[in-house]
Amino acid sequence: MNRKLRVLVAKLGLDAHDRGAKVVARAYRDAGFEVIYTGIYQRPEAVAEAAIQEDVDVVAISSLAGAHLTLIPQLIHLLKDQGADDMLVLAGGVIPEEDISALLAEGVAGVFGPGSDLDEIIRFTREHAAAK
Amino acid sequence: MSHQERKERFAGVSDREVKRAYTPDDVAGLEYARDLGDPGEYPYTRGVHPTMYRGKLWTMRQFAGFGTAEETNARFKYLLAQGQTGLSTAFDMPTLLGYDSDHAYANGEVGKLGVAIDSLRDFEILFDGIPLDQVSTSMTINPPASIMLCMYLAVADQQGVGWDKVSGTIQNDILKDYIAQKTYIYPPEPSLRLITDIISFTAKHVPKWNTISISGYHIREAGATAAQELAFTLADGMQYVQAAIAAGMDVDEFAPRLSFFFDVHNDFFEEIAKFRAARRIWARVMREKFGAKNPRSWMLRTHAQTAGVSLTAQQRENNIIRVAMQALAAVLGGTQSLHTNSYDEALALPTEDAVRIALRTQQVIAEETGVASVVDPLAGSYYVEHLTNRLEEEALAYFDRIEAQGGVVKAIEKNFFQREIADSAYRFQRRMMNGDYRVVGVNAYADGAEAKKEAQILRIDPAVQRRQIERTQQVRATRDQAKAASALAELRRASQTSENLMPYILACVKAYCTEGEICNVWRDLWGEYREESVY
Amino acid sequence: MDLTTLLQRFQQGDRRALARAITWVENGTPEAGELIRSTYPSTGRAHVVGITGPPGAGKSTLVDRLASRYRELGQSVAIVAVDPTSPFSGGAILGDRIRMQRTLNDPGVFMRSLASRGHLGGISIATGDVVGLLDAFGFDVILVETVGAGQSEVEIMELAHTTTVVLIPGMGDDIQAIKAGILEIGDLFAVNKADRDGADRSVMEIEMMLDLGHMGEAGINRWDGEAQANSGAARRLDRTGHHGTADLASGNPYTSSASARHAADRHGTANPGDISWRPPVLKTTAKDGQGVDALVDRMIEHLNFLKETGRWEQFKRHDAAAKLRELITLRAARTVMDRATAAGDLDRLTASVADRTVDPYTAAEEVLSRHLGT
């Protein structure tokens, strides 16, 4: 058996800042993950469909444009509607402290704000994705 | 006696090793007249003006924009009242990407990162009570830059201000969007056509307008080193010059209205050297490569902004100190205008208090430190001159690599820039993680409790989106429909010819066609650009 | 999801079940065997199209366009794109979706990114089984995009009914260098990015090389000789044979001429008088879709050629033979190795071979004579 953790790194909406997403994608690759990167300007519907088709263990959303409270919950609902609520959803980027609890309540498993340690993101992902 | 040093290798943000000390040997080939020149003299290494800040201080220009036009108008007036001398407009993402606020893609983004603009009605409100002949306005927008400029000119008409009195800048730099910022809409060819149309239109009708702000800022913020920022930005600049010449213009007709926009990062001396190297390279390129005769064509004038990417969410008050030192570097580097970031910007839009401190930072530098009294005070420093030479050499080497690939557009298509930048960004992140690069409050002197402190941040009321949508739909419902439709039809027709599009865009704007409607005409004709690379 | 539920949902056309099935097959989970057993009867219907060519040729963008075109023609499309696994970390970045934005929102299209996971033939070990699942799920067309490392991507030829080699203008020297690996595997050639200088020249160069390869018996014989000189390559190429009925009849799958027969048979020149397929060379510009409709037309034409000449059925038989051969070889080897290891023979003989008291051939004979059979 040759199990690899698969992670979808995605940008939602009109948020073009992809430096963080690319750095995180590389960090996942260097940690042995298979990373599906879908590029910028993605609608929640498209990200959900990609997550399903690729059967990923983890969906990591990078948000720097402030629409995280609108678009991330939309994505989670779409995943749930299709029975993919076992996927680990993570959010990172410019997410104010006070929004974290709202995202966690929506079903985001972990929120990584500015300056988060890449190794910590990897460790968290391994631990929580493997637990499923 | 031992000469033990703290660490084995000393290197700054750009990961270039520096020596313990620099000596005359490090600047051995430097010739004063050829390589530096007096301030205001070719090749302008020491500054584009003989008196520099003794004559006129740099323009203190704080970027502002959020919510609807009403809120941004109030912020503009506040900043002018605080002594700011130029306006700088930030637009929200839907506006930057040519979507109206009621487009499905705009949901959740209206007014978030800047002001939402859909039609001329919004511009009338945005500049209400601000006489356009008395301020200069910078607009950070790219593919729809022509539309925003036309809206500005339409407001000037309403105020009775002649276009020759209007001054300002549109960013209008699409190449750096393909490379780093990613707020593109159309493919390179039609995008460059829009840009040359703007250049030739303003050269004739709006002589004080800066037509492109050739931007390194976003390239740097995306993770580039100082040398990459310098090289890629100047390469973009040369590409625009070539495009305008190819469109039949004389280089001296438009080159004086090109301006630049650089980042100012943490590595103090490297940043100062970057500005000096940029001026020297540009002067030589314009004179020797493009044969410009007008000295104003040789001069690289630039705006600068402190590095947003250097701000930390942890111990955010430290950002005030970072910004102050970056601002000082920009001034010592001889910038023409400066935006200082607010210390709370790592998390959200800046609050009014934070914006005031940022502006005061510039005022302290200008009034209290004495650095504005002497032009290019670091000239002759072995270290600074060595850095200036080194950055120039690195940039020239990059020019060769870009040329070898067939130029900037081809290199973009081959993802050359994108890969170079992503590599640098990743390397930097790794250096931070292994402690090779230390950031106070993040991987050094961190303070867990402090990081959790609740920040006072500016939030955009969700009602902003609703109000903006209502206004835009009302504009669409109440305008002269026949006039709007025929203006759009004319624009479509002209876009398929080689006519200058500016008069047609202006007609659309004045007929209250929305930004989205205008952009859709071109989406239809030209298609949309898609980035095809991962790295 | 357990196996029974998954199979049930798979039969009902549930895409999430399909996606999970692919994961199981890719990971070789215990359920994978049963999954293949249950779905295998439904395979053999889809047209499998391979897209190969060097990096930067624009394969993904072309696949995006091809999928759009097939959709216009009312066909359902599955895409499998293989990207390289990093040899250092074992991780991979799978970025093909970025270039397939045109079709990926279409519910008639299903796309799966696979990492090569250390396999060097341009596809991953599991790609064949993944294609089988997509076939059983009912897709009309399955587009398989290889890694695109440039060379030795012959495995796509055994997997696909129709292999399209994508090249770009200005590769004259490169084509010379790689022609041995590329000309034989292509049923179709697309010179992509044809808006660039030199497209016509590239088309001409490829046409010329194809004509040389198609000059008849002399050319084939020469090629046959090369194959004989390199029995390893011949074996590998034979494994790729689509229509090697002669091999089956002779009962000797490892004939050294099989590769030549395959390449010839594939294009219909093996038997004089047979209808032949001369690989067409087309110009495409994936960026704006130029030439894509024509390319799809040719793909369909090739499918019809395979069916009308009986090659489609031959393909199935040869494919079955190849699959069986592969599994038998793999399992027999594994059994012998396991037994020899357990008996201590492997360690003992390894030491003897190392200190030169026994030669490797004699040692291998000894292992086989002791452990092969019951």
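Above: the structure in question.
Described in the following lines is the structure provided in the data block. Being a predicted model, the structure only gives us computed values, none of them experimental. (Residues numbered from 1 in each chain as written. Chains lettered and ligands numbered in written order. Predicted model: local features only at pLDDT ≥ 70, side-chain atom pairs only at ≥ 80, totals over all residues. Heavy atoms only, no water.)

Focus on the overall build of chain B
Here comes step 1: The number of helices and strands found in chain B is 22 helices and nine strands.
Here comes step 2: Considered along the principal axes of its C-alpha atoms, chain B spans approximately 85 × 60 × 45 Å.
Here comes step 3: Taken across its 535 residues, chain B has 64% of its residues classed as buried.
Here comes step 4: Long-range pairs, those at least 24 residues apart, make up 77% of the contacts in chain B between residues at least 6 apart in sequence. (Helix = DSSP H or I, 4+ residues; strand = E, 2+ residues; numbered from the N terminus. Buried < 20%, exposed > 50% of the residue type's maximum accessible area, 1.4 Å probe, protein only. Contact = heavy atoms within 4.5 Å.)

Focus on the interface of chain A and chain B
Here comes step 1: Across the contact, 37 residues belong to chain A and 42 residues belong to chain B.
Here comes step 2: In total, chain A and chain B occlude about 3200 Å² of area from one another, counting both sides; carbon and sulfur atoms represent 54% of this.
Here comes step 3: Area buried by chain A at its contact with chain B is led by L14, R19 and R26 of chain A, which between them contribute 24% of it.
Here comes step 4: Summed over the shared surface of chain A and chain B, the number is three salt bridges.
Here comes step 5: The closest approach of N and O atoms between K182 of chain B and D18 of chain A, which form a salt bridge, is 2.6 Å.
Here comes step 6: Linking chain A with chain B are six residue pairs in polar contact (both at pLDDT 80 or more).
Here comes step 7: Looking at the side of chain A that touches chain B residue by residue, the classes come out as 19 nonpolar, six polar and 12 charged. (Buried area = accessible area lost by both parts, 1.4 Å probe. Salt bridge = Lys/Arg side-chain N within 4 Å of Asp/Glu carboxyl O. Polar contact = N/O pair within 3.5 Å; in protein donor to acceptor, adjacent residues only side chain to side chain. Nonpolar A, V, L, I, M, F, W, Y, C, P; charged D, E, K, R; others polar.)

Topic: the pattern of salt bridges
If charged atoms from side chains of opposite charge come close, those side chains can pair.
Here comes step 1: Evaluation of the coordinates by the stated rule reveals 78 salt bridges over all chains.
Here comes step 2: The partner of K19 of chain B in a salt bridge is D26 of chain B, and the shortest N-O contact between them spans 2.7 Å.
Here comes step 3: Look at K19 of chain B and you get partly exposed, because its relative accessible area is 46%.
Here comes step 4: For R278 of chain C, the salt bridge is made with E207 of chain C, and the minimal N-O distance between the two is 2.8 Å. Note that R278 of chain C is positioned in the loop between α12 (258–266) and β8 (281–283) and E207 of chain C in helix α8 (residues 199–213), a separation of 71 residues in sequence.
Here comes step 5: Take R278 of chain C: its relative accessible area is 26%, and that puts it in the partly exposed class.
Here comes step 6: With relative accessibility at 25%, the residue E207 of chain C sits in the partly exposed group.
Here comes step 7: Taken together, the shared-partner salt bridges connect R6, E34 and E54 of chain A together with E26, R97, R112 and R117 of chain C into one network.

Describing the pairing of strand β4 (residues 109–115) of chain C
All names here are of chain C.
Here comes step 1: The buried fraction of β4 amounts to seven of the seven residues, a majority that puts the element mostly inside the structure.
Here comes step 2: Burial along β4 is two-sided: the face carrying V109, M111, S113 and A115 and the face carrying F110, R112 and L114 are both buried.
Here comes step 3: Looking at chain direction, strand β2 (residues 77–83) and β4 are connected through seven bridges and run parallel. Bridge pairing in β4 places V82 opposite L114. (Pairing = 2+ DSSP bridges.)

As for the packing of helix α5 (residues 145–159) of chain B against helix α22 (residues 515–526) of chain B
Residue and element names in this part refer to chain B.
Here comes step 1: Where α5 meets α22, the axes come as close as 10 Å, and the angle between the chain directions of the two elements is 140°. What the angle tells us is that α5 and α22 run oblique. Two packed elements cross with a definite hand, and for α5 against α22 that hand is right-handed. Between α5 and α22, the residues in contact are S146, I147 and M148 and E515, I518, C519 and W522, respectively.
Here comes step 2: Among the residues forming the contact of α5 with α22, the class breakdown is five nonpolar, one polar and one charged. (Axes fitted to C-alpha atoms, helices over the stretch in contact; angles between N-to-C directions. Parallel < 35°, antiparallel > 145°, perpendicular 65-115°, else oblique. Left-handed = near helix turned anticlockwise from the far one by under 90°.)

What about unusual backbone geometry?
Here comes step 1: Put simply, Y42 of chain B and P43 of chain B share a cis peptide bond, and its omega is 0°.
Here comes step 2: A positive phi angle, close to 45°, is found at D376 of chain B, a residue other than glycine.
Here comes step 3: Given a relative accessible area of 6%, D376 of chain B falls into the buried group.
Here comes step 4: The residue R356 of chain C is not glycine, and still its phi comes out positive at about 70°.
Here comes step 5: Tracing the backbone through its elements, the reader meets R356 of chain C in the loop between α15 (345–354) and α16 (360–371).
Here comes step 6: Judged by relative accessible area, which is 71%, R356 of chain C ranks as exposed.

Comments concerning the interface of chain C and chain B
Here comes step 1: Each partner contributes to the interface: chain C provides eight residues, whereas chain B provides seven residues.
Here comes step 2: Summing both partners gives a buried area of about 690 Å² for chain C against chain B, and 52% of it is carried by carbon and sulfur.
Here comes step 3: The largest per-residue losses of area from chain C upon contact with chain B belong to I93, I98 and R99 of chain C, which jointly make up 52% of the total buried on that side.
Here comes step 4: On inspection of chain C and its partner chain B, the count reaches zero salt bridges.
Here comes step 5: Across the side of chain C that touches chain B, the residue classes break down as two nonpolar, three polar and three charged.

Honestly, it's all geometry; don't read function into it.
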